[in-house]
Amino acid sequence: METLLIYLLKSSGLIAVFYLAYYFLVRKETFFSSNRWFLIAGLFTSLLLPMLSFTKIIYVERTPLPLEELAAIADVSAPVIVTPINGQSEPLDYFKIVAIAYLLIGLVLLAKAIIDLISLSKLLRNQKVVKSENYSLIDLRVDIAPFSFFNYIVYNSNLYTQNELENILQHEKIHSQQKHSFDLLIAKLFCIVFWFNPFIWLYKKSIVQNLEYIADNEATLHLDDKTSYQKALLKVTASKNCFSLTNHFYQSLIKKRIIMLNQNQSHKRNLWKYAVVIPSLIAFVFLFQINTEARNKVSKTPNFNNTANTPIAVINENVGDPIEGAYVFDKISSDKEFKENALEIKSKFNIDLKVSNIKRNGKGEIIAIKLSYDDNKGNKGKTEQIRDIPIRPIFFKISKKDEKNVIGFYDNSEFVVKPTDPVNESKITTIESIKDDALIYVDGQRYTKEDLNELDPKGLEKIEILKDIKSLEKYNAKDKKEVIVITTNWTTRQETPEPNASSIFTLENGDEVVLFDRVNIKVPGHPAVQFTDNSPVLIFNGVPQKNPRLLLESMDISKIKSIKVFNENDSEVKGTPIYKMIITTK
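As a convention, each chain's residues are numbered from 1 in the sequence order in which they are written. With the structure being a predicted model, the display of local features is reserved for residues of pLDDT at least 70 and the display and counting of side-chain atom pairs for 80 or more, all residues being used for whole-chain, interface and lining totals. The side-chain numbers reported here are obtained from all heavy atoms of the structure, hydrogens and water having been left aside.

Asker: I'd like a description of the overall build of the chain, backed by residues and values.
Answerer: Per the secondary structure count, the chain includes 13 helices and 25 strands. The buried share of the chain, taken over its 586 residues, is 44%. Any pair of residues with heavy atoms lying within 4.5 Å of one another is described as a contacting pair. Of the contacts formed within the chain by residues at least 6 apart in sequence, a portion of 64% connects residues at least 24 apart. In these tables, accessible area is a Shrake-Rupley quantity obtained with a 1.4 Å probe, and a residue counts as shielded only by the protein chains included in the view. Taken as a whole, the chain presents about 32,000 Å² of accessible surface, with 56% of it coming from carbon and sulfur. Under the scheme used here, helices are H or I runs from DSSP no shorter than 4 residues and strands are E runs no shorter than 2 residues, and both carry numbers assigned from the N terminus. A 1.4 Å probe rolled over the protein chains alone gives each residue an accessible area, and that area as a share of the maximum for its type sets the label: buried under 20%, exposed over 50%, partly exposed in between.

Spelled out as structure tokens, the structure:
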């Protein structure tokens, strides 16, 4: 449903582009035949272009999982995490409601069009038909506006003089000869499919209007008196009974038709206006029809946050819950891989795996995704990640327990549930479970969650969550509820930062600045200020910083060239509290 909705929105946007191009550029030109094909081409382009897509391939470095990690999956006997929603009320599916409303209104409009066709068929049935050239003329004794439908031309001869009737028939013969009924049927079908788009109704009106211009223009070429033709146009305005699927001589745009009949022919140099729509189509393709696909570029050095994306199929009958299928989805999984894995899971296990809400950054890495499963036996589950940085790997396992499928999403390659009891709550088994905004120290050095991508997982000795006051003071985390401390078994490691450690450095202008605890700074002439995650405002080499404290903690102070401080009035007044600081390096 989401795919259909996106397709309809894209097509609707293109319909709007073509209509606006017609309305503002060529509507008043006398290129009536060219306008006809421009409008029809616009409809089919809007229908087909959203189906056309191109793939842009970006190669991203990825490290395969070590063999010992793959082997560990087969030895799992821990309980699995399943997120069933049995017995719980399903959330309201707005897409389904929109789909039902869309289909119902579309069916009503389709039924109305079919009724119009049936009514027209009944009107034409059993009538006296006079063959004239390739046309079938029907002279009805009812008050109805003259109209044509393919080769049928219907009129009431009693309402018009012989000269007026000649003008009317010449007009309708042009409609019939040039098969204008096809245009009307196409426009009607598009109105049924895109009924929600206001531009399609305006588009249909423009098609009808332009067809009348064509018939008027061509008819007057075969008539001697253009004035009598215009009088005939005015006379038939009293006849208002007509069918929506036919070309009828009466139209509410009589005034516009008469104006166009007397308008000078447009210069051929104005034909360039049709090409104006081409840049819009190119922009549409570049913005919406280019899919970025990330492909593997295998790295020799293991990288922590990357995992093999190919499915792992492991069967081990010697453990409690043998894994029958295990799949890993990470930041560079391609749309093709998602489809292939979903098809494989469906064919092997009869489980529906749905992947949606995928968003990628400029590198082609996934930063948002939603996955859900349904085993068609009442078990359902889902997981979702929405991040500013690439997603953490998502592991999906299907295993057997007591002859039943046990299915679940995990955030670790061991496929185990994270402990939640008080004894183990301060222990973390994987980096994936660390919050993105956590205060992190690795062997005493400040790290961000994104920095952890560079760590070798084999070197991690332990990961701890410290919440006691002493530890928070030790790591200058008084404004935090916890600090993540990672210890490695690397041969060289930095010492844990000592509290109250201070250093002095000299600026280019000779001022000596004191930095202590890595987050407190004293600039001559100003009171000391303590940096937090969001204040004071820090501009580093012209770039505003989202986390001033983190930058200050990780900065090489020996490279600082100058420091300017401002109060809340954006003035460099000494002795006032510091509101903003600008740091420039050498």
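Further notes follow.
Asker: Lay out the nonpolar core with the relevant residues and their values.
Answerer: Think of a nonpolar core as a cluster: buried Ala, Val, Leu, Ile, Met, Phe, Trp, Tyr and Cys residues, connected wherever their side-chain atoms sit within 4.5 Å. Phe-38, Ile-200, Tyr-203 and Ile-207 are the most contacted members of the largest nonpolar core, which has 35 residues in total. For this core, the element with the highest residue contribution is helix α1 (residues 2-26), accounting for 9 residues. Residue contacts for Ile-200: discarding those within four places in its chain leaves Ile-15, Leu-43, Phe-190, Cys-191 and Phe-194.

Asker: Which residues make up a nonpolar patch on the surface, and what values go with them?
Answerer: Together, Leu-103, Leu-107, Leu-110, Ile-114 and Ile-118 line one region of the surface with nonpolar side chains, adding up to about 440 Å² of accessible area. Tracing the chain through its elements places Ile-114 in helix α4 (residues 94-124). Two joining distances apply to patches: 9 Å for like charges and 5 Å for nonpolar side chains (Val, Leu, Ile, Met, Phe, Trp, Tyr), and every residue must have over 30% relative accessible area and no salt bridge. Salt bridges are defined by distance alone: a side-chain nitrogen of Lys or Arg within 4 Å of a carboxyl oxygen of Asp or Glu.

Asker: So what about the environment of Ser-157? Which residues, and what values?
Answerer: Of note, Ser-157 is situated in the loop between β5 (152-155) and α5 (162-177). Residues contacting Ser-157, with those up to four places away along its chain left out, are Asp-139, Arg-141 and Leu-165.

Asker: Describe the packing of helix α7 (residues 198-221) against helix α8 (residues 226-235), listing the residues and the values that go with them.
Answerer: Running from N to C, α7 and α8 point in directions that differ by 140°, and their axes come no closer than 10 Å. Of the two possible hands of crossing, α7 and α8 adopt the one that is right-handed. Listed contacts from α8 to Ala-215, Asp-216, Ala-219 and Thr-220 of α7 are Lys-226, Tyr-229 and Leu-233. Considering only residue class, the contact of α7 with α8 consists of 4 nonpolar, 1 polar and 2 charged. As a rule, the C-alpha atoms of each element are fitted with a line to give its axis, helices using only the stretch in contact, and angles between N-to-C directions run from 0 to 180 degrees. Crossing chirality is assigned from the near helix's rotation relative to the far helix, an anticlockwise turn below a right angle marking it left-handed and a clockwise turn marking it right-handed. Only Asp, Glu, Lys and Arg are considered charged in this grouping, and only Ala, Val, Leu, Ile, Met, Phe, Trp, Tyr, Cys and Pro are considered nonpolar; every other residue, Gly among them, is considered polar.

Asker: Requested: an account of the packing of aromatic side chains, with residues and values cited.
Answerer: Ring pairs are drawn from Phe, Tyr and Trp, using the six-membered ring of Trp, whenever the two centres fall within 6.5 Å, and their geometry is named by plane angle: stacked under 30 degrees, edge-to-face over 60, tilted for the rest. One pass over the full model with this rule turns up 20 aromatic pairs. Geometrically, the ring pair formed by Tyr-19 and Phe-199 is tilted, given 6.0 Å between the ring centres and 55° between the ring planes. Of the two residues, Tyr-19 is situated in helix α1 and Phe-199 in helix α7; the sequence distance between them amounts to 180 residues. Residue class for Phe-199 comes out partly exposed when judged on its relative accessible area of 27%.

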